[in-house]
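Residues per chain, in single letters:
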Amino acid sequence: MALLFKSVHLIDPAAGRNGEFDVLVEDGRIARVDKNLPADGARVVELPRSFVMTPGLIDIHVHLREPGQEHKETVATGTAAAVAGGFTAVACMPNTEPVNDCAAVTELILKRAADANLARVYPIGAVSMGSKGEALTEIGDLRASGCVAISDDGRPVKTALLMRRALEYASMFKMPVIDHCEDPSLKGDGVAHEGATSGLLGLRGIPGAAESVMVERDITLAELTGGHVHIAHMSARQSLRAVRDGKARGVKVTSEVTPHHFVLADEALATGDYDTNFKMNPPLRETSDRAAMIDGLRDGTIDVIATDHAPHHADEKALEFDHAPFGIVGLETALPLCIDRLVHAGVISLARLVELLAPNAARVIGVEGGTLAEGAPADITILAPDAEVVVDAASFRSKSRNTPFDGWKLTGGVAATLVGGRVVHVNDAILGRRDL
Amino acid sequence: MTTATTLRSRHLLGITELDPEEIDLILQTALAMKEVGTRPIKKVPTLRGRTVFNLFFEPSTRTRMSFELAEKRLSADTLGMTTAGSSVVKGETLADTARTIEAMSPDVIVMRHASSGAPHQIAKICRASVINAGDGMHEHPTQALLDALTMIERKGRLKGLRVAIVGDLVHSRVLRSNVLLLTRMGAEVCACGPATLLPPGIESLGVRVTTSLDDAIDGADVVMMLRVQHERMHGLFLPSVREYFALFGLTAARLERAAKDVIVMHPGPMNRGVEIASEVADGPWSVILDQVANGVAVRMAVLYLLAGTDGGHE
């Protein structure tokens, strides 16, 4: 049945819309967007005036852990977390077991996604077989089976030569190479950002330069090859400078930042209780790095906000700081953090936030969506920017609870999520018992 | 100066958590405890009926023996476990290790661990008092306390004392605890080591940093040499023992720049001919064996302050 949203505040930067519109959804697509549309048999939905309709948000950096690490997350639980967090689509990294380096694994992930039937899932294939950094994967076959990008995420693309060849080869299929930039020798066995905090806590450090030397390498190679490099989870101010310079030279480089890297800095560790939920890679950096990420979000150097949703089982995180795995879950905390810390804090407008989470994300990985223009898929996120939200890890849809934000009170939530015109998530606490 | 009569925390995880009055309280108590070691029967009933677990997840000889002796002199029931590597090596989480020990109702857990923060994580779970006997590259609070006791005995004060700490600074928990304690007590600390072994942000703790040994020693009242592990000697930290000794090894000749009555300290175990020449280690400046003796007294004081009962102390 057709659905008519009456007088809803629509923010659709790609279509140049920011104001009150009627939005008609029919057969899973946006049929019309205009003022004063007649109901014509469509079910009419009226939302509170403080709510905002946006194109379905897309998280281009998640770890769904399936196949192989289903104790941490599955495609079903990960996509449930996604829609609960307002994301209608996710792109999942290939560091599963086995690595997503061939069509068979890609197809398995897509089958699980179809079974779950929640968020859209865009698999990211590996750059190299087994992500070992030696031989290229069959990138054409990965593309044909549904991969949207290639990455050896979790590990950096090992050598400059492999990066060069990957950029050249992937450009035939118009796919970006997404790189987890980190020089392994500079990282060593580091577990926290190298700085005053790690020095005081006696934690082995990872300098910001471990990231930026590889960002510089990749930008140089993107310039050489004309390929598209996307810098994953950028964290260091030196990296931001490199991306800014690269963009100014016309290099095809895009970049993303995670909410935790613009909300937290390494001083969060200084409480000294060695909470492993503050251990992630890249590590929480200094306040000057955090400030640089915010500048990048403002000036366009950063194209996308992505969560690097990295579920780990509680038993794995209950280890010494040195031994606990890196990473935190992000899908169900991203929106409240973004709205609270970026929009309400006056850093960027809500429209700019939507741009970072929807059209830009779609553009980087070259997928449909990111807009609610007529004819686009009816992937819709309904935000409640003024809702008071308390992060409650125990109620996450994700299988894992590894978050440093548990208990945080934030302003800004997700009221509902629609994928292909179908309601896949309703937040009763925000929406009340309203019918959708 | 002493106004504190008890410690605020029931754990001793690091010097970080101690204020100057608490440090003074521990040192004054340690001075009183030294007397016990001079008696023919070196034992008081202070911790009778108390159980102390010594958990050494990293090999240790002197610290473990020093704690055990302190516990025995206070009449505690003690038992120990030494295991190389972390709990993860055994396939057990740190939290499970903590709960297992907790189930045996210890009063005090003395813990050494190769990972920074492991005692802090245990302390969050256990009801027992946790004493950090060295965690990774983080802190070794009883070492800093025994060093301070030794300085006070020899110099009569900490305030205004010029202390040079020399060696592998970045990997040293002894450095961190000493810097925190000494700056808190008003000493002037200079940290000296090769540029590859300087901890980031150390200046923020109020110490002067130099890579010149002569500069560090100049006018020093105390020179504390830190151990440099052999595995760091041939590789990307340092090129060779020979060059290290030439640049950073403490010799009698180099000590001439120090204050006339300078004392030389070392937390042990020493690498003779690497960071310290034998002529210095065995020379008139050396208080290295005093440090060992004071270690027992300081650990008795800490155990007493954390686990002692008012009526039990003689």
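Predicted model only: the values in this text are computed from it and were never measured.

Draft legend 1. How the structure looks around helix α5 (residues 141-155) of chain B. Residue and element names in this part refer to chain B. If you check α5, its first and last C-alpha atoms are 21 Å apart, about what 15 residues at 1.5 Å a residue would give, namely 21 Å. Counting buried residues in α5 gives 12 out of 15 residues, a clear majority hidden from the surface. Within α5 the residues assigned to the buried category are Pro141, Thr142, Gln143, Ala144, Leu145, Leu146, Asp147, Ala148, Leu149, Thr150, Met151 and Lys155.

Draft legend 2. Quick peek at the layout of surface pockets. Roughly 820 Å³ of volume is contained in the largest pocket. Taken together, 31 residues form the lining of the largest pocket, with Glu58, Arg112, Arg173, Arg227 and Gln229 of chain B sitting closest to its centre. Here the lining of the largest pocket is built from residues that sort into seven nonpolar, 15 polar and nine charged. Approximately 700 Å³ is the volume attributed to the second largest pocket. Along its surface, the second largest pocket is lined by 24 residues, and Leu186, Glu194 and Gly205 of chain A together with Thr196 and Phe237 of chain B are the ones closest to its centre. Breaking the lining of the second largest pocket down by element, the ones donating at least two residues are α5 (184-187) and α6 (196-201) of chain A. Ranked by the residues each element gives to the lining of the second largest pocket, the list is headed by α5 of chain A, at three residues.

Draft legend 3. Structural view of the confidence of the model for chain B. For chain B, the mean per-residue pLDDT works out to 92, and 95% of the residues sit at or above 70. Interface confidence for the predicted complex, given as ipTM, is 0.90, next to a pTM of 0.94.

Draft legend 4. Here's a closer look at the pattern of salt bridges. For the structure on display, the rule yields 36 salt bridges over all chains. For aspartate 218 of chain A, the salt bridge is made with arginine 217 of chain A, and the minimal N-O distance between the two is 3.0 Å. For the pair shown, aspartate 218 of chain A and arginine 217 of chain A are each scored as buried. Overlapping salt bridges, with partners in common, bring together Asp214, Asp218, Arg254 and Arg257 of chain B in one network.

Draft legend 5. Fine view of the domain arrangement of chain A. Residue and element names in this part refer to chain A. Each assigned domain of chain A is listed with its residue range as follows: domain 1 (3-53 + 377-431) and domain 2 (56-365). Computed from C-alpha atoms alone, the centre-to-centre distance between domain 1 and domain 2 is 25 Å. Listed as interface residues are 39 residues of domain 1 and, on the opposing side, 48 residues of domain 2. Around 3,300 Å² of area is buried between domain 1 and domain 2 when both sides are counted, 65% of it from carbon and sulfur atoms. Where domain 1 touches domain 2, the interface holds one salt bridge. Across the salt bridge formed by arginine 120 and aspartate 379, the nearest N and O atoms sit 2.5 Å from each other. Along the contact surface separating domain 1 from domain 2 lie 19 residue pairs in polar contact (both at pLDDT 80 or more). For the side of domain 1 that touches domain 2, the secondary structure elements donating two or more residues are β16 (380-390), β17 (409-419) and β18 (422-426). Looking at the side of domain 1 that touches domain 2 element by element, the count peaks at nine residues for β17.

So, how was this worked out
Residues numbered from 1 in each chain as written. Chains lettered and ligands numbered in written order. Predicted model: local features only at pLDDT ≥ 70, side-chain atom pairs only at ≥ 80, totals over all residues. Heavy atoms only, no water. Helix = DSSP H or I, 4+ residues; strand = E, 2+ residues; numbered from the N terminus. Expected span 1.5 Å × (residues − 1). Buried < 20%, exposed > 50% of the residue type's maximum accessible area, 1.4 Å probe, protein only. 1 Å grid on protein atoms, 1.4 Å probe; cavity = no way out; pocket = protein on both sides within 12 Å on 5 of 7 lines; lining within 4 Å. Points joined across faces, edges and corners; volume = space filled by probe spheres on them. Nonpolar A, V, L, I, M, F, W, Y, C, P; charged D, E, K, R; others polar. pLDDT = per-residue confidence, 0-100. Salt bridge = Lys/Arg side-chain N within 4 Å of Asp/Glu carboxyl O. Domains from an automatic or database assignment. Contact = heavy atoms within 4.5 Å. Buried area = accessible area lost by both parts, 1.4 Å probe. Polar contact = N/O pair within 3.5 Å; in protein donor to acceptor, adjacent residues only side chain to side chain.

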